[in-house]
Structures are given as C-alpha cells and as structure tokens.
Amino acid sequence: MDAYEKLEKVGEGTYGKVYRAREKATGKIVALKKQRLHGDEEGVPPTTLREVSLLKMLSSDPHIVRLLELKQRLNKEGKTVLYLVFEYMDTDLKKYIRSFRSTGSTLPPQTVKILMYQLCKGLAFCHGRGVLHRDLKPHNLLMDRKTMMLKIADLGLSRAFTVPLKKYTHEILTLWYRAPEILLGATKYSTPVDMWSVGCIFAELITTQALFPGDSELQQLLHIFRLLGTPNEEVWPGVSKLANWHEFPQWNPQDLSRVVPSLDAEGVDLLSKMLQYEPSKRISAKKAMEHPYFDGLNKASL
C-alpha cells in the first residue's frame, strides 16, 4: 500500500472504512475501502470475493463505481487486510439532497431527470447481468457535482440471482427504501425490489424529504399503506399468504401527486409504476428508461 497516501477517512461502508487517498505515482485521487478479514477465516471471505467479482464484471458500465484494483496485505497482528481501490467521487446523493433541503430549496426538475435516468441506466445494466443491488439508497449513489454524473456503489449486499429464485435472507435493505414484499416476509424476490427503492429515491429527489421514513418494519408498512392504500388479494394476489401479513388498518389509496406536487404528470405516472404493490407489475429499469418522462433528455450525453 506504499503506492497510496491516505488523506482522510470519508465514511464507514457496510464492511469497512473508506478513505480518500492519493496515488503517489500519478497524484490521482482514489477511494480506498479497507476491509479487515476475520481472524478465524482462511483467505478472503466469500462476501468480499462476491463483491469484488461482481464489481469487476459491472465496472465496465459508466454508472457503476469503478473498481480500479485490489490490494492485500498483513497488518501488525498478522491479520489479512484487503484494500479495494475505487475511483473517487466527490459526493453522494444523500449529501446532495441535504444541501438543497438545508437552504429550503428543491432540485431543478431537469437535474432530477438527469439523475433518475442515470440511476435507471446503471440498474438496467446490473439487472441485465443477473445482479440485484438490494440496498439502494441515496447514500450509496455517488455523484460528481460538476458533471452531474451518477454512479451506483456499495454492491456488497448484491448477489447474482439465478432462476429459479433462491430464498434470500430478508434482513437487508435500509428500511425507508425497502420493498413491501420484503417487509412482509417474502423469501423469493427479484429485480422489482430495487425498482421500489428507485421510486422512493425519485420522490425524495422531488421533495428533499424521505417518502416513507419508518423506524420499524411495522411503521414502515403503515407509512406505505397510508399513502398507497392497504393492499389486498385483489390488488396484490398472494399478499395475505406472506409470512408477516396481519390484519392491518384499512386505508384507501391517496392521490400520489399530492405528495410530489411539483412533479409533472409524466413523472407522477412513472413514480406510480415504480410503486406498484404487485412486484410483477412494477416497471423494470429498462422500461423506465423508455418512459415519456425522459423524452427531451439528451440521453446520448449520459
């Protein structure tokens, strides 16, 4: 690791610390993700290997953060430390949204469109290669303020999905962006879980406030039901068979445009397609890119 000079710690990821660093030979700024391996493990743990191999595969897309290289070394105690070297991005969507909220302003509609299109594009690339993200949130969408380039990061929880879908553990997503099928205990799920998260992020870009800020799984569901109506077998066949289904309070669906008053009709239509209860009816990332909401964008430049 003598090739890099650590400049400052910029955060803690799911599996380790992240530093801003300079490559000594070139002066290039990079992000170093330090992952300490458990002492009882021989070699590199499967979670890390999975992340590295997925990132290597996905790095070819401009909207996925690029893994530049992988370094391994022993620390003073003789434990293996891995450093993942990523391209450096100067901010993330969470900080970017907060900068508008703190001044009481909102993001320009065109900016929202540009960011949303890139998010759908990066996700379509992941999904097209059999990879679910499963933890999409503003914090792990990195961006460059000058160019408005957006990149998906922290694919540590993603897992290549195979058909037929395996049962996954459902203790994963940050609650606010978590799809209702996961909250209700579904063990088989697929790409629509990411699209639900995209819908929540879309609404947050418009209002600068989280759409469903629940602080427990039950609260999270109630937030969703209050806005979209309490689901039933008619709107979502099979919902009452899910493990965490109970008799919930009954709410009627609200008009979605009320929570995103500044969003145009095309935008509200796209949002409603992302927030469909029945996963199979939720719009895919690829289809979302073709939605009329994005007409008039210079897509080639993105």
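Residues numbered from 1 in each chain as written. Predicted model: local features only at pLDDT ≥ 70, side-chain atom pairs only at ≥ 80, totals over all residues. Heavy atoms only, no water.

J.: Help me understand helix α1 (residues 46–58) in this model?
T.: With 13 residues, α1 ought to run about 18 Å at 1.5 Å a step, and its terminal C-alpha atoms sit 18 Å apart, in line with that. Residues T48, E51, V52, L54, L55 and L58 constitute the buried set of α1. (Helix = DSSP H or I, 4+ residues; strand = E, 2+ residues; numbered from the N terminus. Expected span 1.5 Å × (residues − 1). Buried < 20%, exposed > 50% of the residue type's maximum accessible area, 1.4 Å probe, protein only.)

J.: When you look at the pairing of strand β4 (residues 67–74) in this model, what are you seeing that I'm missing?
T.: A regular strand carries its side chains on alternate faces of the sheet. Relative to strand β5 (residues 80–87), β4 runs antiparallel, the two being bridged by 7 bridges. Bridging across to β5, K71 finds its partner in Y83. Once β4 ends, the chain turns through 5 residues before running back antiparallel as β5, passing G78 with a positive phi of about 80 degrees. (Pairing = 2+ DSSP bridges.)

J.: What is the right way to look at the environment of D264 in this model?
T.: Relative to the elements of secondary structure, D264 occurs in the loop between α6 (217–228) and α7 (265–274). For the pair D264 and P109, spaced 155 residues apart in sequence, the C-alpha separation works out to 9.1 Å. In this structure, D264 is in contact with K113 and Y293, ignoring residues within four places of it in sequence. Within the local environment of D264, its side chain forms a polar contact with the backbone nitrogen of G267, the two atoms lying 2.7 Å apart. (Contact = heavy atoms within 4.5 Å. Polar contact = N/O pair within 3.5 Å; in protein donor to acceptor, adjacent residues only side chain to side chain.)

J.: Looking at this structure, how should I read the layout of surface pockets?
T.: One water molecule sets the probe size; rolling that probe over the atoms shows where empty space is left. Of the pockets and cavities examined, the largest pocket occupies roughly 500 Å³. Lining the largest pocket are 22 residues; nearest its centre among them are V10, V18, H139, L142 and A153. Within the residue set of the lining of the largest pocket, elements represented by two or more residues are β1 (4–12), β3 (29–36), β5 and β6 (91–92). With 3 residues, the single largest contributor to the lining of the largest pocket is β1. Tallied by class, the residues present in the lining of the largest pocket amount to 9 nonpolar, 5 polar and 8 charged. (1 Å grid on protein atoms, 1.4 Å probe; cavity = no way out; pocket = protein on both sides within 12 Å on 5 of 7 lines; lining within 4 Å. Points joined across faces, edges and corners; volume = space filled by probe spheres on them. Nonpolar A, V, L, I, M, F, W, Y, C, P; charged D, E, K, R; others polar.)

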